[in-house]
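Close look at the chain arrangement
Each chain, letter by letter, is given below.
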Amino acid sequence: MERASCLLLLLLPLVHVSATTPEPCELDDDDFRCVCNFSEPQPDWSEAFQCVAAVEVEIRGGGRSLEPLLKRVDANADPRQYADTVKALRVRRLTVGAAKVPAQLLVGALSVLAYSRLKELTLEDLEITDTMPPLPLEAKGLALSSLHLRNVSWAAGRSWLAELQQWLHPGLKALSIVQAHSLAFSCEQIRAFPDLTSLDLSDNAGLGERGLIAALCPHKFPALQNLALRNTGMETPTDVCAALAASGVQPHSLDLSHNSLRATANPSAPRCVWSSALNSLNLSFAGLEQVPRGLPAKLSVLDLSCNRLNRAPKRDELPKVDNLILDGNPFLVPGSALPQEGSPNSGMVPACARSTLSVGVSGTLVVLQGVRGFA
Ligand SMILES: *[C@@H]1O[C@H](CO)[C@@H](O)[C@H](O)[C@H]1NC(C)=O
Ligand SMILES: *[C@@H]1O[C@H](CO)[C@@H](O)[C@H](O)[C@H]1NC(C)=O
Ligand SMILES: *[C@@H]1O[C@H](CO)[C@@H](O)[C@H](O)[C@H]1NC(C)=O
């Protein structure tokens, strides 16, 4: 099992350091969740050994480069030799964060984990250096059901998703790429994601409708049902409709909340007909003073909560909708419609303004307003 702990740690070898430092790892009483934060200057990686029994494992590298570890990994080792040990691991959810990771180390870990029963992988605050080598013929891809990437930068530039994809089994169901450094993919290199039903591109404030077309490579997401585009710089629902049509994507549910939306499209913009597959549309926290034009004719759910509607929408302004959510609009909250000079949330119902704030504080939105840089 000693070997398994190494593997769990991205193939990190055991490095013993006289341990006077605080414990970097914590395993809960049920042996379910294990969290390691190696923020010490000379971390004792062997502490991660206690995570071998856990189902959920979270490892943070204190922002350091893992390059030195590469020297200790046998690049020619056949991952199949670890198969039995790795199969015995209970880990289903793994989070790796805060490190600079050579691509070679990442693919080493992915090829070994391919023998595990890992279902959900999260990579956060990582810088992946170098480009990823192709998957060797005899290797099998990691069969994840969901992959979450937040603030991961890739030396591979526009090819990063295509390179990463080779190391994954094609059955991926949920993918999120938030705070991305590049979403302008080279589409011709990407293979289709035949089973992908949920795609979350939220918190990419510089994306916009044009960036969305570049990110949604045509015909690569044939099974997509849920598309989340919170805080992605979208401007009007009509332009989003056009971008989806251009990409051939027909989601059942579309989340456009936390975008500063305009109600009327550019007059020169062509009319866009929404796919009839769309049945749930979230336009909350979008700063709307009126119901946008050109919404789908029929929806099960339309969320217009926390906007700036000063009067109840008229029936002919709305689609046919089963569940209309209007909470947190000024017309429902007497006295709240008076804009307060200089306040960033002027015209917003207090309950909604608080909620925006709490989102910011929890680390998603505010930080991200500044993150731009789409190629
Ligand atoms: C890890 O430890 C560092 C230093 O103690 C701390 O600043 C950071 O917030 C910790 N990270 C997590 C996820 O707990
Ligand atoms: C993103 O990740 C890098 C490390 O690659 C880190 O230095 C930076 O602080 C992270 N940014 C945010 C907004 O968390
Ligand atoms: C719409 O989005 C907001 C904010 O992202 C969220 O709080 C709300 O639950 C969503 N509404 C629906 C119906 O899912």
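Residues numbered from 1 in each chain as written. Chains lettered and ligands numbered in written order. Predicted model: local features only at pLDDT ≥ 70, side-chain atom pairs only at ≥ 80, totals over all residues. Heavy atoms only, no water.

The protein chain carries the name Monocyte differentiation antigen CD14 in an unreviewed UniProt entry, which gives Callithrix jacchus as its organism. Heading Subunit (unreviewed entry) of the UniProt record for the protein chain holds this comment: "Belongs to the lipopolysaccharide (LPS) receptor, a multi-protein complex containing at least CD14, LY96 and TLR4. Interacts with LPAR1." (UniProt positions renumbered as here; feature names shortened; annotations may be inferred.)

Examining the site of ligand 1
Lining the immediate environment of ligand 1, one finds Asn37, Ser39 and Arg60. For ligand 1, an oxygen atom lies 2.3 Å from a polar atom in the side chain of Asn37. The contact in question runs from an oxygen atom of ligand 1 to an N or O atom on the side chain of Ser39, over 3.2 Å. Burial of ligand 1 by the surrounding chains reaches 31%, relative to a free accessible area of 360 Å². (Near = heavy atom within 4 Å. Polar contact = N/O pair within 3.5 Å; in protein donor to acceptor, adjacent residues only side chain to side chain. Areas by Shrake-Rupley, 256 points an atom, 1.4 Å probe, with all protein chains shown as cover.)

Details of the state of the cysteines
For the structure shown, the criterion picks out 5 disulfides. Between Cys25 and Cys36 runs a disulfide, and the two sulfur atoms are separated by 2.1 Å. Judged by the torsion about the S-S bond (110 degrees), the Cys25/Cys36 disulfide is right-handed. One end of the pair, Cys25, is in strand β1 (residues 25–27); the other, Cys36, is in strand β2 (residues 33–37), with 11 residues separating them in the sequence. On the basis of relative accessible area, Cys25 is assigned to the buried category, the value being 4%. We classify Cys36 as buried; its relative accessible area is 1%. (Disulfide = S-S within 2.5 Å. Helix = DSSP H or I, 4+ residues; strand = E, 2+ residues; numbered from the N terminus. Buried < 20%, exposed > 50% of the residue type's maximum accessible area, 1.4 Å probe, protein only.)

Here's the deal with the packing of helix α6 (residues 208–215) against helix α7 (residues 237–247)
Describing two packed helices takes the angle between their axes plus the distance from one axis to the other. The N-to-C vectors of α6 and α7 enclose an angle of 15 degrees; their axes lie 9 Å apart at closest approach. The pairing of α6 with α7 is recorded here as roughly parallel in orientation. Considering how the two elements wind past one another, α6 and α7 form a crossing that is right-handed. For the pair formed by α6 and α7, the contact residues are Glu209, Leu212 and Ile213 on the first element and Asp239, Val240, Ala243, Leu244, Ala246 and Ser247 on the second. Of the residues assigned to the contact of α6 with α7, the class counts are 6 nonpolar, 1 polar and 2 charged. (Axes fitted to C-alpha atoms, helices over the stretch in contact; angles between N-to-C directions. Parallel < 35°, antiparallel > 145°, perpendicular 65-115°, else oblique. Left-handed = near helix turned anticlockwise from the far one by under 90°. Contact = heavy atoms within 4.5 Å. Nonpolar A, V, L, I, M, F, W, Y, C, P; charged D, E, K, R; others polar.)

As for the pairing of strand β6 (residues 146–154)
In this structure, strand β5 (residues 120–129) lies alongside β6, joined through 8 bridges in parallel fashion. Directly across from Glu127, in β6, lies its bridge partner Ser153. Bridge count for β6 against strand β7 (residues 174–178) is 5 bridges, and the pairing is parallel. Bridge pairing links Leu147 to Leu175 in β7. In this region the chain leaves β6, passes through helix α5 (residues 160–165) and returns to the parallel neighbour β7; the handedness of that crossover is right-handed. (Pairing = 2+ DSSP bridges. Right-handed = clockwise from strand over helix to strand, strands pointing away.)

Thoughts on the side chain of Ser202
Along the chain, Ser202 falls in the loop between β8 (198–200) and α6. Among the polar contacts made by the side chain of Ser202, one reaches the side chain of Asp200 at a distance of 2.7 Å. In this view, Ser202 contacts Ile177, Val178, Gln179, Ala228, Leu229, Arg230 and Thr232; residues no more than four positions away in its chain are not counted.

What to know about the pattern of salt bridges
Applying the stated criterion across every chain yields a total of 12 salt bridges. Note that Glu235 and Arg262 form a salt bridge whose closest N and O atoms lie 3.4 Å from each other. A residue pair is termed long-range when its members are at least 10 positions apart, and Glu235 in the loop between β9 (226–228) and α7 and Arg262 in the loop between β10 (253–255) and β11 (280–282) qualify at 27 residues. Residues Glu317 and Arg311 are paired through a salt bridge, measuring 2.8 Å at the closest nitrogen-oxygen approach. Judged by relative accessible area, which is 27%, Glu317 ranks as partly exposed. For Arg311, a relative accessible area of 41% gives the class partly exposed. Look at the salt bridges and you will find they share partners, linking Arg33, Glu56, Glu58, Arg60, Arg93, Glu124, Asp125 and Arg150 into a network. (Salt bridge = Lys/Arg side-chain N within 4 Å of Asp/Glu carboxyl O.)

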